[in-house]
Amino acid sequence: PTPAASPATPAPAATGAGAIVARPEELSYPPLAYEPPTPAEYRVTLKTGPVAYVVPDRELPLVNIIVYARTGDYLDPAGKEGLAGLTGYLLARGGTKTKTAEELEERLAFLAAILSSGVGDSQGSVSLNLLAKDLDEGLSILREVLSEPRFQEDKIELRKQQTLQAMKQRNDDSSSIEAREAGFLAYGEKFWANDYVTSNSLESISRDDIEAFHRKWFYPSNFVVAASGDFDREEMIAKLEKLFADWPYTGETPPAIPTNTVFAAPGAYIVNKADVNQGRVSMMLPGITRDNPDYFPVIIMNDILGGGGFTSRIMNRVRSDEGLAYSAYSSFPGGVYYPRTFTAAFQSKSRTVAYAASIILEEIKRMTAEPVSDQELSTSKRGFIERFPRTFATKAQVAYTFAQDEFTGRYAEHPDYWKTVRPKIRAVTKEDVLRVAKQYLTPDRFVILAVGNKDQILLGHPDHPVKFQDLAGGHLTELPLRD
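Predicted model, so just to flag it, every value in this text is computed and none were measured.

## Quick word on empty space enclosed by the protein
Stage number 1. The full count for this structure, using the stated rule, is one cavity of 30 Å³ or more.
Stage number 2. Considered as a void within the structure, the largest cavity measures approximately 50 Å³ in volume.
Stage number 3. Lining the largest cavity, in full, are Pro 39, Tyr 53, Phe 402, Asp 405, Tyr 411, His 414, Pro 415, Tyr 417 and Trp 418.
Stage number 4. Mapped onto the lining of the largest cavity, the elements with two or more residues apiece are helix 13 (395–408) and helix 15 (417–426).
Stage number 5. Partitioning the lining of the largest cavity into residue classes produces seven nonpolar, one polar and one charged.

## Concerning the pattern of salt bridges
Stage number 1. The final tally for this structure, using the stated rule, is 28 salt bridges.
Stage number 2. Between Arg 366 and Glu 370 there is a salt bridge; the shortest N-O distance is 3.5 Å.
Stage number 3. Owing to a relative accessible area of 35%, Glu 370 belongs among the partly exposed residues under this scheme.
Stage number 4. Measuring nitrogen to oxygen at the nearest pair gives 3.8 Å for the salt bridge that ties Arg 382 to Glu 386. Placement of the pair is Arg 382 and Glu 386 together in helix 12 (residues 374–387), with a separation of four residues, close to one helical turn.
Stage number 5. Linked by salt bridges that have partners in common, Arg 317, Glu 362, Glu 363, Arg 366 and Glu 370 make up one network.

## Description of the sheet that holds strand 3 (residues 62–69)
Think of a sheet as strands paired side by side through backbone hydrogen bonds, with each pair either parallel or antiparallel.
Stage number 1. Read across the open sheet, the six strands follow the order 1-2-6-3-5-4; overall the sheet is mixed. At either end of the open sheet lies a strand with only one pairing partner, and these are strand 1 (43–45) and strand 4 (114–119). If you compare each strand with its neighbour and ignore which way they point, the axes differ by 15° on average.
Stage number 2. Of the strand pairs in this sheet, strand 1 and strand 2 (residues 51–56) are connected by three bridges, and their pairing is antiparallel. When the bridges of strand 2 are listed, Arg 43 appears paired with Tyr 53.
Stage number 3. The sheet strands contacting helix 3 (residues 135–147) are strand 3, strand 4, strand 5 (124–131) and strand 6 (223–229), and the helix crosses strand 5 at an angle near 160°.
Stage number 4. Its contacts with the sheet place helix 8 (residues 233–244) against strand 1, strand 2, strand 3 and strand 6, and it is angled at close to 145° to strand 2.

## A few points about helix 13
Stage number 1. Taking 1.5 Å as the rise per residue, helix 13 with 14 residues should run 20 Å; its terminal C-alpha atoms sit 20 Å apart, in good agreement.
Stage number 2. The buried fraction of helix 13 is high, at ten of 14 residues.
Stage number 3. When we look at burial in helix 13, the residues that qualify are Val 398, Ala 399, Thr 401, Phe 402, Ala 403, Gln 404, Asp 405, Glu 406, Phe 407 and Thr 408.
Stage number 4. Phi turns positive, to about 90°, at Gly 409, one or two residues after helix 13.

## What to know about the pairing of strand 3
Along any regular strand the residues' side chains alternate between the sheet's two faces.
Stage number 1. Strand 3 sits mainly inside the fold: six of its eight residues count as buried.
Stage number 2. Inspection of the sheet shows strand 3 paired to strand 5 by eight bridges, in the antiparallel sense. The residue bridging Asn 64 from the neighbouring strand is Asn 129, located in strand 5.
Stage number 3. Bridge count between strand 3 and strand 6: seven bridges; the pairing is antiparallel. The residue of strand 6 that forms the bridge with Ile 66 is Ala 226.

## Some words on the packing of aromatic side chains
Stage number 1. One pass over the structure, following the stated rule, counts 26 aromatic pairs.
Stage number 2. Pairing Tyr 187 with Phe 191 gives two aromatic rings, centres 5.8 Å apart and planes at 40°, and the pair type is tilted. Across this residue pair, the class does not change: Tyr 187 and Phe 191 are buried.
Stage number 3. Pairing Phe 191 with Trp 192 gives two aromatic rings, centres 5.4 Å apart and planes at 45°, and the pair type is tilted. The exposure classification of Phe 191 matches that of Trp 192, with both residues buried.
Stage number 4. The rings of Tyr 34, Tyr 42, Tyr 53, Phe 388, Phe 392, Phe 402, Tyr 417 and Trp 418 are connected pair by pair, giving a single aromatic cluster.
Stage number 5. Residue placement shows Arg 159 over the ring face of Tyr 89; its charged tip is 3.6 Å from the ring centre.

## Thoughts on the packing of helix 9 (residues 295–307) against helix 12
The axes of two packed helices give the description: the angle between them and the distance between them.
Stage number 1. Contact geometry of helix 9 with helix 12 gives a least axis separation of 10 Å together with a crossing angle of 115°. Between helix 9 and helix 12, the interaxial angle falls into the category roughly perpendicular. Classified by chirality, the crossing of helix 12 by helix 9 is right-handed. Taken together, the residues of helix 12 that come into contact with helix 9 (itself represented by Ile 299, Ile 300, Asp 303 and Ile 304) are Glu 376, Leu 377, Ser 380, Lys 381 and Phe 384.
Stage number 2. Residue classes in the contact of helix 9 with helix 12 are distributed as five nonpolar, one polar and three charged.

## Some thoughts on the environment of Ile 299
Stage number 1. By secondary structure assignment, the location of Ile 299 is in helix 9.
Stage number 2. Expressed as a C-alpha distance, the spacing of Ile 299 and Phe 110, which sit 189 residues apart in the sequence, is 46 Å.
Stage number 3. Here Ile 299 is in contact with Phe 332 and Phe 384, once residues within four sequence places are set aside.

## Some details on the confidence of the model for the protein chain
Stage number 1. Of the residues in the protein chain, 96% reach a pLDDT of 70 or more, and the chain-wide mean stands at 95.
Stage number 2. A low-confidence stretch, residues 1–16 (pLDDT under 50), is modelled with three contacts involving residues beyond four sequence positions or located in other chains.

## Quick look at unusual backbone geometry
Stage number 1. You will see that Ala 112, though not glycine, has its phi angle at about 55°, which is positive.
Stage number 2. Looking at where Ala 112 falls in the secondary structure, it is placed in the loop between helix 2 (101–110) and strand 4.
Stage number 3. Overall, Ala 112 belongs to the exposed group, its relative accessible area being 53%.
Stage number 4. Phi is positive for Asp 246, which is not a glycine, with a value near 50°.
Stage number 5. In this fold, Asp 246 is placed in the loop between helix 8 and strand 7 (267–272).
Stage number 6. A relative accessible area of 73% means that Asp 246 is categorised as exposed.

Reading the values: the criteria
Residues numbered from 1 in each chain as written. Predicted model: local features only at pLDDT ≥ 70, side-chain atom pairs only at ≥ 80, totals over all residues. Heavy atoms only, no water. 1 Å grid on protein atoms, 1.4 Å probe; cavity = no way out; pocket = protein on both sides within 12 Å on 5 of 7 lines; lining within 4 Å. Points joined across faces, edges and corners; volume = space filled by probe spheres on them. Helix = DSSP H or I, 4+ residues; strand = E, 2+ residues; numbered from the N terminus. Nonpolar A, V, L, I, M, F, W, Y, C, P; charged D, E, K, R; others polar. Salt bridge = Lys/Arg side-chain N within 4 Å of Asp/Glu carboxyl O. Buried < 20%, exposed > 50% of the residue type's maximum accessible area, 1.4 Å probe, protein only. Pairing = 2+ DSSP bridges. Axes fitted to C-alpha atoms, helices over the stretch in contact; angles between N-to-C directions. Contact = heavy atoms within 4.5 Å. Expected span 1.5 Å × (residues − 1). Phe/Tyr/Trp six-rings, centres within 6.5 Å; stacked < 30°, edge-to-face > 60°. Lys NZ or Arg CZ within 6 Å of the ring centre and 35° of its normal. Parallel < 35°, antiparallel > 145°, perpendicular 65-115°, else oblique. Left-handed = near helix turned anticlockwise from the far one by under 90°. pLDDT = per-residue confidence, 0-100.

Right, here's the structure in full:
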């Protein structure tokens, strides 16, 4: 036998595929071999109406079921803003026909089950997670929650009070002010997503309104289901058929989601909040939808500009080089139903707001003026390609991803979408990135919003002559702090 090597003695270099290299950058790996799952393998059109994605997973004795409903805040009647959200919240928390809210909560706790519900902008959902051995009882509870919710009066009043208290805090945090005003600038004062709940609209909502909203939209033909966990596929399909059979009422097909967005006039906008020492900034341009032919060059371009964290230009300039902000980034999502805006954002000391914003504008101008480097393009493309399998890391994610594609219409239009993602990313060239930067990063259309101490922001920094009011063509608008 050979003597054991001393801990201080370097190990001998290996040969062949496992050779030890001198530096990490010399490491090489075989190409990632991964193929995404095929949605058709899991897709089931139930006789009772919904489309379901049924994905068995025997790893743990758990079952997860999510029922997505075609409803949303956009269906709130005028004067009753908040109705959809109130209905969605109370579905799982307001009791059922056979159980009070307290009894339902107690039984779920006994089963160690998690039941939740909600309605957002363009979608509602009810989800149930529980042990596989309790699946039949869980489905019985889910059936009652979906079809015969109690909407207990005291729970309605409690939720109204909670909502009212939250409304009173809308102007306490500059981040909530920024998000709200950015929405108005990006999509218009009359766009449905900017119809906020008021004390009057909340007070006008009755239990009858909640019941009518529920019965109109929570109907099997409006559902898409994601089911994953410890079950036999055929048995689960049979259970889902039973879950949605003999529905006690007939609902309606919801109208299309409105897309009448109106982007604000170019210029600098400011909301005065004198009690904070940092300014929050959103720099916006009109965006795109996810089915835009330029979608993949756009996401690569944005990743290099500001979406890629510490590998992105904006983060490196604003944070690493200048130390002006802890976080500085850009996003360019493709909207599902209407174009989502390009946004570059950061938070900085009041007097350096204008300087930080000017640096971002410089980086945007550079992006439109010259090609990105080979290294930047390679890093960005590899990042997207190598992170791609995370989309399907668990069986629950498989079910969720495919159910969302069904819900939003992607499956009907592009059933093989996920198999095309990486080839489309690989095909993006430096010329593509430069072309979409020139097309979509248009400096003459910038809307720049700042929320913070107006006097300090407009004063600027003595070491940097740039002024906030000069950043977007010299057009400055002060927005009132809304009540």
